[in-house]
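Read off the chains here:
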Amino acid sequence: MQINAYSDNSLLPTCVKIKQHLSSYLNYLLVLNFLDIIIFAGQVASVTHMSLRWGIVTAGLISHDFVNALNSYPDKGDQVIVAVAARDKGRAEAFAKLHNIEKAYGSYQEIATNKDINVVYIGALNPDHYPLTKMYLEHGKHVLCEKPFTLNVKQSESLIKLAKQKNLFLMEALWTRFSPAYIDLEKDIAAGKLGDVKFLEANFGIVCDAERMNKKELGGGAILDIGIYVLHLAQHVFKDEPSKITVSGSLYPSGVDECETIILDYPGGRRAVLNTQSRIALHNRATIYGTKGRVTLEDPFHFPDKVTTVDGSTKEYKQHTTNLHYNFWNSPGLAYQTLEVARCIKEGLIESPRMPHKDTLMLARLVANIRQQLGVHFDVDDEEYP
């Protein structure tokens, strides 16, 4: 038997009830959606307006320069240094007093468990980069870790994987990438002012007898300490991975590299010739050559305050000042990377578009190839990482 819903009045009460239930359910969904919007907006507002509360790991020379640069930078926004940690609490306390930091710790673990800290700067020796970064990520902290990011590719891949799992920001502190001179160079190349870039040469040589340079157990070697800068320049200019890597160098008695000359060949006939030295002071400048002209990043090329432009004129880059001394060349520029860290964290990013994880891994692969050709091997190269 067929029922005509339009003529069978016995079905009307049922239809009315169904309509009422549907109406209540739809209203319920609308309320849920409205609450979701409010919650999402609150989360966005919380991230957008959050302050960066830094923990500084180690009270060494580079940490001093980092803190000095950040504290004295006039437009750092809502960033504050909350605590510093060192293995020697006395050193941490002296550091905190000098830089007007509230808390000083005698262990790195205390930075990890301090819930008032949401981002950590690691200025430790190279072998400590992996375990410290891992610990802070596991405790929910964003991390800015000094270069070289780790000792090998496997360690770098493991940390990046962990940061993604934890949805935390992680960046190698390659401050050079944020130099105004390097940003201008990138713009000039993109605008075609140099024509087709075919060649670059860069030198980085210093007289350095520090144990961090020549001891294998401290992750020493010229390529990890200063060579990262010449490799980074080639990466910054050519973007690609080289198709061929040729290396010649010398080793310290400990088995880490003292110096090297590196030739990177890229598709399309492009080439980089790079020199590093840890026992000889070189003229530390770099020149990028194109079919229309050249640009020279004057000494110190890794964060220059002078650049000879393609038209032959000199462009100067002034840096902010402070009453405290710096240990290394042009260290006021360390502040620029903190601005990027703040921007990325407030936008909910886990990596910097300007210094992405893929570039850190590319540099790690270059270093691994160079170390292999020179015969430089660390014990951690034989280990596996999650």
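Residues numbered from 1 in each chain as written. Predicted model: local features only at pLDDT ≥ 70, side-chain atom pairs only at ≥ 80, totals over all residues. Heavy atoms only, no water.

### Side note on the environment of Asp188
- When you line up the elements, Asp188 lands in helix α7 (residues 180–190).
- Along the sequence, Asp188 and Val310 sit 122 residues apart, while their C-alpha atoms lie 8.9 Å from each other.
- Excluding its chain neighbours within four sequence positions, the residues that come into contact with Asp188 are Lys193 and Leu194. (Helix = DSSP H or I, 4+ residues; strand = E, 2+ residues; numbered from the N terminus. Contact = heavy atoms within 4.5 Å.)

### As for the pairing of strand β8 (residues 244–251)
- Here β8 runs beside strand β9 (residues 257–266); their pairing, made up of eight bridges, is antiparallel. Bridging from a neighbouring strand, Ser248 pairs with Thr261 of β9.
- Taking the residues between adjacent antiparallel strands as the criterion, β8 and β9 are bridged by five residues, where Gly255 takes a positive phi near 105°. (Pairing = 2+ DSSP bridges.)

### Focus: the environment of Tyr336
- With respect to the secondary-structure elements, Tyr336 resides in helix α11 (residues 335–346).
- Taking the C-alpha atoms as reference points, Tyr336 and Trp175, separated by 161 residues in sequence, lie 7.2 Å from one another.
- Ignoring sequence-local partners within four residues, the contact set of Tyr336 consists of Tyr73, Phe178, Pro180, Phe303 and Lys318.

### With respect to the pattern of salt bridges
- A full pass over the atoms with the stated rule returns 19 salt bridges.
- When the shortest N-O distance is used, the salt bridge between Lys193 and Asp188 registers 3.4 Å.
- The closest approach of N and O atoms between Arg279 and Glu258, which form a salt bridge, is 3.5 Å. Of this pair, Arg279 sits in the loop between β10 (270–277) and β11 (286–290) while Glu258 is found in strand β9, placing the two residues 21 residues apart along the sequence.
- Its relative accessible area of 46% is what places Arg279 among the partly exposed residues.
- On the basis of relative accessible area, Glu258 is assigned to the buried category, the value being 15%.
- Here the residues in one salt-bridge network are Arg177, Lys358 and Asp359, joined through shared partners. (Salt bridge = Lys/Arg side-chain N within 4 Å of Asp/Glu carboxyl O. Buried < 20%, exposed > 50% of the residue type's maximum accessible area, 1.4 Å probe, protein only.)

### Description of helix α10 (residues 227–238)
- Between the first and last C-alpha of α10 there are 17 Å, a value that for 12 residues agrees with the 16 Å anticipated at 1.5 Å per step.
- Along α10, 12 of the 12 residues are buried, which leaves the element largely enclosed by surrounding structure.
- If you check which residues of α10 are buried, you get Gly227, Ile228, Tyr229, Val230, Leu231, His232, Leu233, Ala234, Gln235, His236, Val237 and Phe238.
- Lys239 sits one or two residues past α10 and shows a positive phi near 70°. (Expected span 1.5 Å × (residues − 1).)

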